[in-house]
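Report on the structure
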Amino acid sequence: MGPQNLPEHVQSIRDRIAAAAAAAGRSVESITLLAASKDQSAESVRAAAAAGVRDFGESYLQEGLDKMASLGDLPLVWHFIGRLQANKTRPVAAAFDWVHGIDRLRIAERLSQQRSAHSPPLNLCLQVNLAGEPTKGGLSMSELPALAQAVAKLPRVRLRGLMCLPPDETEPTRQRYWFAALRRQLESLNAAGGCLDTLSMGMSGDFEAAVLEGATIVRIGTALFGPRPQAK
Ligand SMILES: *Cc1c(COP(=O)(O)O)cnc(C)c1O
């Protein structure tokens, strides 16, 4: 499957998001389709943009920067969705619009210090490790309130919400269980005075369940682009 199929894939995903949104009584405008474009070429990103996708998620810094450089003529919104090491925050703060997956204050502090005063604040989501899986990043639910409070005070970043990579589940009711847990965390932070508006959750295999539980950003890779080319 090459970029020539992208318009159909984009439409089919938009239709499925719309159906899930309707079932949940939500407006489709409240849900952003983020194309997870790691391992995809700049040409594939350009084709997705031509099909109306505006938000793209990159997991590897250099690969993302290279794509931005060759797509600088397009008005795209770039999200860093990979694991971010402290020594790589500066280029991320300079080039990206969003960073999902924040789970340490130190990273958020560096991004805030390094974000230019001439750019809008960098949008951040905190990653929650809902099931305590050791192979995945993210903080525990008990650590969340303190980190959210600290990040919300940083000047050059804007805490937007929460992100998760839940355990692999095939049953829709199980998928919804984890997404509902993340939504409840957002609700309780907001009840405690937060003003968070973003739930970054749902991927190719579970985005409808995520929309039913309140996702505002779904991150879709393979269902859009097809299987990822062999990673380098
Ligand atoms: C790759 C990736 C996705 C997309 O995964 P698919 O299953 O291919 O849709 C979403 N989120 C993150 C953080 C990713 O790294």
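Residues numbered from 1 in each chain as written. Predicted model: local features only at pLDDT ≥ 70, side-chain atom pairs only at ≥ 80, totals over all residues. Heavy atoms only, no water.

Examining unusual backbone geometry
Put simply, the test is: A run of H or I in DSSP counts as a helix once it spans at least four residues, and a run of E counts as a strand once it spans at least two, with each numbered from the N terminus.
The phi dihedral of Asp-39 falls on the positive side, at around 70 degrees, and the residue is not glycine. With respect to the secondary-structure elements, Asp-39 resides in the loop between strand S1 (32-36) and helix H2 (42-50).

Thoughts on the site of the ligand
Heads up, the rule is: Here a residue is near a molecule or strand as soon as one of its heavy atoms is found within 4 Å of it. A 3.5 Å cut-off defines polar contacts: any pair of N or O atoms within that distance qualifies, except that in protein one atom must be a possible hydrogen donor and the other a possible acceptor, and neighbouring residues in sequence count only when both atoms are side-chain atoms. Using the Shrake-Rupley algorithm and a 1.4 Å probe, accessible areas are obtained, with residue cover drawn only from the displayed protein chains. Put plainly, a pocket is an open set of points on a 1 Å grid over the protein atoms alone with protein on both sides within 12 Å along at least five of seven lines, a cavity is a set where a 1.4 Å probe fits but cannot get out, and a lining residue has an atom within 4 Å of a point. Placement in a cavity or pocket follows one criterion, namely that more than half of the molecule's atoms lie within 2 Å of its grid points.
Near the ligand, the surroundings consist of 13 residues, among which Lys-38, Ser-204, Gly-221, Thr-222 and Arg-228 are the closest. With respect to the ligand, the side chain of Ser-204 contributes an N or O atom lying 2.5 Å from an oxygen atom. Look at the ligand: alone it shows 380 Å² of surface, and the protein chains cover 87% of it. Applying the majority rule of atoms within 2 Å of the grid points places the ligand in the largest pocket.

Considerations on the environment of Trp-98
Residue position: Trp-98 is located in strand S4 (residues 98-102). Here the alpha-carbon distance between Trp-98 and Asp-66, two residues 32 residues apart in the chain, equals 17 Å.

Let's talk about the packing of aromatic side chains
As a reminder, the rule being used: Here the aromatic set is Phe, Tyr and Trp, taking the six-membered ring for Trp, and pairing holds for ring centres within 6.5 Å; pairs whose planes are under 30 degrees apart are stacked, those over 60 apart are edge-to-face, and all others are tilted. Burial classification: accessible surface area is computed with a 1.4 Å probe over protein chains only, and a residue below 20% of its type maximum counts as buried, one above 50% as exposed, and the rest as partly exposed. Note on criteria: charge over ring means Lys NZ or Arg CZ within 6 Å of the ring centre, with the direction from the centre no more than 35 degrees off the ring normal.
Taken as a whole and judged by the stated rule, the model has three aromatic pairs. Ring geometry for Phe-56 and Trp-78: centres 5.9 Å apart, planes at 40 degrees, overall tilted. Placement of Phe-56 in strand S2 (residues 55-58) and of Trp-78 in strand S3 (residues 77-80) is noted, with a sequence separation of 22 residues between them. Residue Trp-78 is classed as buried on the basis of its relative accessible area of 6%. Measuring from centroid to centroid gives 5.0 Å for Tyr-177 and Trp-178, while their planes differ by 85 degrees, and the two rings are edge-to-face. Residue classification places Trp-178 among the buried residues on the basis of a relative accessible area of 12%. Just above the ring of Tyr-177 sits the side chain of Arg-174; from NZ or CZ to the centre is 5.1 Å.

Keep in mind these numbers describe shape, not what the thing actually does.
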